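Spelled out from the first residue to the last, the chains are:
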Amino acid sequence: MFVVIRFRVGESAQAGFAERMRGAVEVLGRQKGFVSARVGRNVDDPELLALTLDFENIGSYRRALSPYEVKLAAVPLLSEALDEPTAYEDFLS
């Protein structure tokens, strides 16, 4: 399964946001079931950033959000995301 989390971040705030994002990805990457992560900036709207995460399954993703270190480093950042559904299951595979 994969997760797409989008953020709206002003260009002047992106450097600091990137540091926080690195920390969030680092702790999430240590969780069981984590496969990969990617962070990107929209080419047409440079204030729109996206974090995509791949996990083995929905259970591993949900469990990955529970550890204390994740709650400290990742959850505050994730709470700044645009309010939209984020978890997707593979559709064509």
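Our subject is the structure that appears above.
Here goes a summary of the coordinates provided. (Residues numbered from 1 in each chain as written. Predicted model: local features only at pLDDT ≥ 70, side-chain atom pairs only at ≥ 80, totals over all residues. Heavy atoms only, no water.)

### Details of the overall build of the protein chain
- The secondary structure content of the protein chain amounts to 4 helices and 4 strands.
- Along the protein chain, from the amino end to the carboxyl end, the secondary structure elements read β-α-β-β-α-α-α-β.
- Scaling as 2.2 N^0.38, a compact globule of 93 residues should have a C-alpha radius of gyration of about 12 Å, and the protein chain matches this with 13 Å.
- Each principal axis of the C-alpha atoms in the protein chain carries an extent, and together these give about 35 × 35 × 20 Å.
- Relative to its full complement of 93 residues, the protein chain shows a buried share of 27%.
- Intrachain contacts of the protein chain at a sequence separation of at least 6 include 71% that bridge at least 24 residues.
- Of the accessible surface of the protein chain, which amounts to about 6,100 Å², a share of 52% is contributed by carbon and sulfur atoms.
- The positive charge centre, built from 11 side chains, and the negative charge centre, built from 14, are 5 Å apart in the protein chain. (Helix = DSSP H or I, 4+ residues; strand = E, 2+ residues; numbered from the N terminus. Rg over C-alpha atoms; globule rule 2.2 N^0.38 Å. Buried < 20%, exposed > 50% of the residue type's maximum accessible area, 1.4 Å probe, protein only. Contact = heavy atoms within 4.5 Å. Areas by Shrake-Rupley, 256 points an atom, 1.4 Å probe, with all protein chains shown as cover. Lys, Arg positive; Asp, Glu negative; His and termini not counted. Charge placed at Lys NZ, Arg CZ, Asp CG, Glu CD.)

### Comments concerning the packing of aromatic side chains
- All told, the structure shown has 4 aromatic pairs when counted by the stated rule.
- Judged by centre distance (5.4 Å) and plane angle (10 degrees), the rings of Phe2 and Tyr88 are stacked. Taken together, the residues span a long stretch of sequence, with Phe2 in strand β1 (residues 2-8) and Tyr88 in strand β4 (residues 87-88) at a distance of 86 residues.
- According to the relative accessible area criterion, Phe2 is partly exposed, its value standing at 27%.
- Tyr88 gets classed as partly exposed once you look at its relative accessible area, which sits at 38%.
- Summarising the aromatic geometry, the rings of Phe55 and Tyr61 are spaced 5.4 Å apart at their centres and angled 55 degrees between planes, so their arrangement reads as tilted.
- Residue classification places Tyr61 among the buried positions, given a relative accessible area of 9%.
- Three or more aromatic residues joined by ring pairs make a cluster, and in this case those are Phe34, Phe55 and Tyr61. (Phe/Tyr/Trp six-rings, centres within 6.5 Å; stacked < 30°, edge-to-face > 60°.)

### Considering the nonpolar core
- Of all hydrophobic cores here, the largest spans 20 residues; its most connected members are Ile5, Phe7, Phe17, Leu51, Leu53, Tyr61 and Ala74.
- Examining the composition of this core, we find that 5 residues originate from one element, helix α1 (residues 14-29), more than from any other.
- Apart from the residues within four sequence positions on either side, Ala74 is in contact with Ala24, Val27, Leu28 and Glu69. (Core = buried A, V, L, I, M, F, W, Y, C linked by side-chain atoms within 4.5 Å.)

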